[in-house]
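Now for the letters of each chain:
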Amino acid sequence: MSYNFKQSEEKWQKMWRETGAFRAEFSGDKPKYYLLEMFPYPSGKIHMGHVRNYTIGDVAARFKLTQGFNVLHPMGFDAFGQPAENAAIKNKTKPDTWTHKCIEEMKRELQKMGFSYDWERQVSTCDADYYKWNQWIFLKMFERGLAYKKASNVNWCPACLTTLANEEVIDGGCWRCHTKIEQKDLEQWYLKITEYKERLLEDLLLLKDWPERVLAMQSNWIGRSQGVEIYFRTKDNSKAIPVFTTRADTIFGATYIVLAPEHPFVKELIRGKPEEKEALKFIDKVAKESKVVRSSSDVKKEGIFTGSYAVNPVNNETIPIWLADYVLMDYGTGAIMAVPTHDQRDFLFAKEHGLPMRIVIQPSDSSHQLPAEELKEAYEGDGIQVNSGQFDGLPNQEAKVKIAEWMEKESIGKIETHWRLRDWLISRQRYWGTPIPVIYCVKCGTVPVPYKDLPVELPEDAPFTGEGGSPLSKVKEFVNTNCPKCGSSARRETDTMATFFDSSWYFLRFCSPRFFDGPFNENDAKLWMPVDQYIGGIEHAILHLLYSRFFTKFFKDLGMLNFSAEGGCACGAEEPFKRLLTQGMVLKDGEVMSKSRGNIVDPDSIIKNYGADTLRLFILFAAPPETELEWDERGIEGANKFLNRVWRIRENLKETADPELIRILHRSIKKVTEDFEGFKFNTAIATLMELTNAVYSFGADKEVFGKLIILLSPIAPHFCEELWVSLGNKSSIIKAGWPQYDPAQLVEDVITLVIQVNGKVRSKIDIPADMEESQLKELVYRDEKLKQWLQDKPVKNFILVPKKLVNLVI
């Protein structure tokens, strides 16, 4: 009888659902394992990226469950956001209606894949019983001065009609719709993430099981820089222009300084100058550009002379003051010193505008100084100081320290630490998000909504046109309210929170999703946290992961988190995720699958024709999880053939298994277990294929076949449940227990090794033929006969003739 995947998958999904097979219940006699994949935005249809991400997580969860762990494997939906609002406008419906319809559709599709989620813990961030706690968290931050409002120049998406954090601008466009970003002055709400900058940076060292690439991205984004703030002064009125640099060793080579067009000194510098009119045009032009594009190394840099000059404090040289689009007020002081001979960006800018250059660092191996005008590119390496006054002849790294100390002593500079990280902009001028719980009163000013009045719920009758800013501002019943302090007429804040706020703590809500007295139950969080394995895309390396780390540290400071550092994790209660895996993209014809490219493969069609287990097997076998996966229809056929081959084994089982097959089985158990622990699912599957070949060569008994099925079950769960029952087992394969290998069965050959001391035979021992030399030495020194001959005498030499003898010279 052939395997009927449609009937089997429906049957086992129903059984798992009805028996609560994946319900997470903490039991003190078992170790816990919290596995979490980044929850999806509910678009209504899952794509192959979802399938890959969630299949990787499901295999790990089922593996740990079969090993006897208490597994928490929840799922929810990151349900607020711009796409639902746009869909509501397009389809003339409400975002709430649209979103919940998509959630139900997506949940059905996830269930069809057989994923082992505890659906009783499902959360949706758009539900009031979730976003109430967003507002609670905001108020706690507000009380501690971590949430504040200020006017600033922000990124504005003209399509979404909302602001974006710097992190949400990708290649100059909106991270969601890719529309080119503009700059706009608005009063916005921020979270003071910069208060946590040192801890966010230093604690990266604790994350031993995170990809180096992600750690580097976070470190660079936080961006701690040691350097000097140098005080240049204007030639006209000696007004100080602070400039921060990490390259004090190049200060004598500064031939101009550059200010950000939005620098507060600019209007004064250009006033009355012949260059004023053109400079104002340039300032207006740059104001419309994205900061991300301005700072990109791939875009040509533009600038203009202000007509003013500054004095370099180290040599009293008069140098021109320029404006350039690549200098931002958001980093450092909004002004830089330009050293074109030793900075490639400055070099290109100087060449473009005919600005002077001076070499101040000469390569150590250079016998003569190359004239600056002959440089083809900036020299950015180490070397010896030249043209640097009293510091000539010093290695530049040594000079960097001495010049900084000298400038501080002379009061022309100050040694400082600067950070790239900026406070997090959370205001959005949209409807479909968490209302910011603030009221504005003419008498009392900015007043937080009392905790007892939470949640501030979204009104259901907001107009959706896609024009004119926040729909909330048009709902009088929402906007008009009374001040909770004095009772006077007041108005509500109409901005909503960035959706990254919602996802910065959802992993804690999963610990106690039906808890009504706080965002999470502290005792449950202590039991389940930290997340043992987190899985998601590299695109969240900065945004989501950084914010989640920030929130966790904030909760720790509130005294709400006190989970332990058991299991060898050094992160303790400071970090939410022990181990991180970032899976690669799914490609077709060399490109990422997308509707716009027309290269989408619908998971539904594969499930319909081959079954979920075939899709799961293919997606895991085609490539290691961290790398890109190229879709290949032939791979689906191959996965299907392999499952059918395993299915046919049941028809020809023997009474007893061949001893050689037993040895192959135990080697396979060891290899598959190690590969599962290391998320090397493709090589684990290759081992299972080799074991299947061996079964066909030797013939398997019920015990060997049963262990093969258990090893395969995390990958193809419906298929293996069906086979498990066919062997006469009554309970689910999940409860079968993970097979253990017998070390004695791993030894292929034994050889007798002769042990000599100074050339004379003193003992003999039997060892495995494939034993490593380091292990062999340890075994030799433990031999009792040898110990009698050595009598603690030092061994001068250990001479090994492989597989024959060892001679110890004493």
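Shown above is the structure to which this text applies.
An account of the accompanying structure is given in this report. Not measured: the values here are computed from a predicted model.

Procedures and definitions
Residues numbered from 1 in each chain as written. Predicted model: local features only at pLDDT ≥ 70, side-chain atom pairs only at ≥ 80, totals over all residues. Heavy atoms only, no water. Helix = DSSP H or I, 4+ residues; strand = E, 2+ residues; numbered from the N terminus. Buried < 20%, exposed > 50% of the residue type's maximum accessible area, 1.4 Å probe, protein only. Contact = heavy atoms within 4.5 Å. Areas by Shrake-Rupley, 256 points an atom, 1.4 Å probe, with all protein chains shown as cover. Lys, Arg positive; Asp, Glu negative; His and termini not counted. Charge placed at Lys NZ, Arg CZ, Asp CG, Glu CD. Pairing = 2+ DSSP bridges. Axes fitted to C-alpha atoms, helices over the stretch in contact; angles between N-to-C directions. Arc of directions from axis to C-beta. Salt bridge = Lys/Arg side-chain N within 4 Å of Asp/Glu carboxyl O. Phe/Tyr/Trp six-rings, centres within 6.5 Å; stacked < 30°, edge-to-face > 60°. Lys NZ or Arg CZ within 6 Å of the ring centre and 35° of its normal. Patch = residues over 30% accessible without salt bridge, like charges linked within 9 Å, V, L, I, M, F, W, Y side chains within 5 Å. Parallel < 35°, antiparallel > 145°, perpendicular 65-115°, else oblique. Nonpolar A, V, L, I, M, F, W, Y, C, P; charged D, E, K, R; others polar.

**Re the overall build of the chain**
- Check the secondary structure of the chain and you find 26 helices and 32 strands.
- Reported as C-alpha extents along the three principal axes, the dimensions of the chain are approximately 100 × 85 × 50 Å.
- Looking at the chain as a whole, 54% of its 810 residues are labelled buried.
- The long-range fraction of contacts in the chain, counting pairs at least 24 apart against all pairs at least 6 apart in sequence, stands at 72%.
- Carbon together with sulfur atoms contributes 49% to the accessible area of the chain, which is approximately 36100 Å² in total.
- With 106 positive and 113 negative side-chain charges, the chain shows a spacing of 2 Å between the two charge centroids.

**Regarding the pairing of strand E8 (residues 224-234)**
- Two elements, E8 and strand E16 (residues 413-419), share seven bridges in a ladder whose sense is antiparallel. Within E16, the residue paired with Ser 225 across the bridge is His 418.
- Where E8 and strand E9 (residues 240-245) come together, six bridges link them in antiparallel fashion. Along E9, the bridge assignment pairs Val 228 with Thr 245.
- Adjacent in sequence and paired antiparallel, E8 and E9 are bridged by five residues, among which Ser 238 carries a positive phi angle near 60°.
- For E8 and strand E11 (residues 303-312), the ladder comprises two bridges, and the chain directions are antiparallel. By the bridge assignment, Arg 233 is partnered in E11 with Val 311.

**Observations concerning the sheet that holds strand E20 (residues 445-448)**
- Strand order in this open sheet of four strands is E20-E19-E22-E21, and the pairing throughout is antiparallel. The open sheet has two edge strands with one neighbour each: E20 and strand E21 (480-482). Adjacent strand axes in the sheet meet at a mean angle of 40° when their direction is disregarded.
- Pairing geometry for strand E19 (residues 438-441) and E20, over four bridges, is antiparallel. The residue of E20 that forms the bridge with Cys 441 is Gly 445.

**Things to note about helix H7 (residues 212-222)**
- Those residues of H7 not exposed but buried are Val 214, Leu 215, Gln 218, Trp 221 and Ile 222. Considered in projection along H7, the buried side chains sweep an arc of 130° and stay on one side of the axis. Looking at H7, the residues exposed on the side facing more than 90 degrees away from the buried face are Glu 212, Arg 213 and Asn 220.
- Elements that come into contact with the buried residues of H7 comprise helix H6 (197-202), E8, E16, helix H17 (543-557) and strand E25 (577-583).
- Where H7 ends, the next residue or the one after it, Gly 223, has phi of about 60°, a positive value.

**Quick word on the pattern of salt bridges**
- What the rule picks out here adds up to 40 salt bridges.
- The residue Asp 557 makes a salt bridge to Arg 199 at a minimum N-O spacing of 2.9 Å. Within this pair, whereas Asp 557 is found in helix H17, its partner Arg 199 is found in helix H6, the two being separated by 358 residues in sequence.
- Taking the relative accessible area as the measure of exposure, Asp 557 reaches 43% and is therefore partly exposed.
- We note a salt bridge from Lys 588 to Asp 589, for which the minimum N-O separation is 3.8 Å.
- Taking relative accessible area as the criterion, Lys 588 reaches 24% and is therefore assigned partly exposed.
- Overall, Asp 589 belongs to the exposed group, its relative accessible area being 63%.

**Topic: the packing of aromatic side chains**
- Per the counting criterion, the structure on display carries 49 aromatic pairs.
- An angle of 85° between the planes, with centres 4.9 Å apart, marks the rings of Phe 80 and Trp 432 as edge-to-face. Of this pair, Phe 80 sits in the loop between strand E2 (70-72) and helix H3 (82-91) while Trp 432 sits in the loop between strand E18 (427-428) and E19, and the two are 352 residues apart along the sequence. Note on accessibility: Phe 80 and Trp 432 belong to one class, buried.
- Relative to Phe 349, the ring of Trp 322 lies with its centre 5.7 Å away and its plane at 85°, an arrangement referred to as edge-to-face. Taken as a pair, Trp 322 in strand E12 (residues 317-324) and Phe 349 in helix H11 (residues 344-353) lie far apart in primary sequence, 27 residues in all.
- Classification of Phe 349 as buried rests on a relative accessible area of 2%.
- These aromatic residues form a ring-pair network of at least three members: Tyr 196, Trp 424, Phe 500, Phe 501, Phe 520, Tyr 547, Phe 550, Phe 551, Phe 554 and Phe 555.
- Sitting over the face of the ring of Tyr 696, Arg 645 holds its NZ or CZ atom 4.2 Å from the ring centroid.
- The ring of Trp 789 carries Arg 762 above its face, with NZ or CZ at 3.6 Å from the centroid.

**Observations concerning the sheet that holds strand E29 (residues 750-757)**
- A sheet is described by the order of its strands in space; here four strands give the open sequence E30-E29-E32-E31, paired in mixed fashion. Strands at the two margins of the open sheet, each flanked by one partner only, are strand E30 (760-768) and strand E31 (797-801). Direction aside, neighbouring strands of the sheet carry axes that sit 20° apart on average.
- For E29 and E30, the ladder comprises eight bridges, and the chain directions are antiparallel. Residue pairing across strands places Leu 753 opposite Ile 765, the latter belonging to E30.

**With respect to a negative patch on the surface**
- Taken together, the side chains of Asp 96, Glu 457, Glu 460, Asp 461 and Glu 477 make up a negatively charged region of the molecular surface.
- Of the residues examined, Glu 477 reaches a relative accessible area of 64% and is grouped as exposed.

**Details of the packing of helix H21 (residues 659-677) against helix H22 (residues 681-698)**
- Across the interface, H21 lies against H22 with an axial gap of 9 Å and an inter-helix angle of 170°. As far as their axial angle goes, H22 and H21 are roughly antiparallel. Between H21, through Glu 660, Leu 661, Ile 664, Leu 665, Ser 668, Lys 671, Val 672, Asp 675 and Phe 676, and H22, the contact on the second element is made entirely by Phe 681, Thr 683, Ala 684, Thr 687, Leu 688, Leu 691, Ala 694, Val 695 and Phe 698.
- For the contact of H21 with H22, a count of residues per class yields twelve nonpolar, three polar and three charged.

**A closer look at unusual backbone geometry**
- Across the junction of Leu 454 and Pro 455, the peptide omega takes the value 0°, indicating a cis bond.
- A cis amide bond links Met 529 to the next residue, Pro 530, at an omega of 0°.
- Along the polypeptide, Pro 530 turns up in the loop between helix H16 (522-528) and strand E24 (531-537).
- Located in the positive-phi region is Asn 387, a residue other than glycine, with phi close to 50°.

The quantities given are spatial measurements derived from coordinates; they are silent on function.
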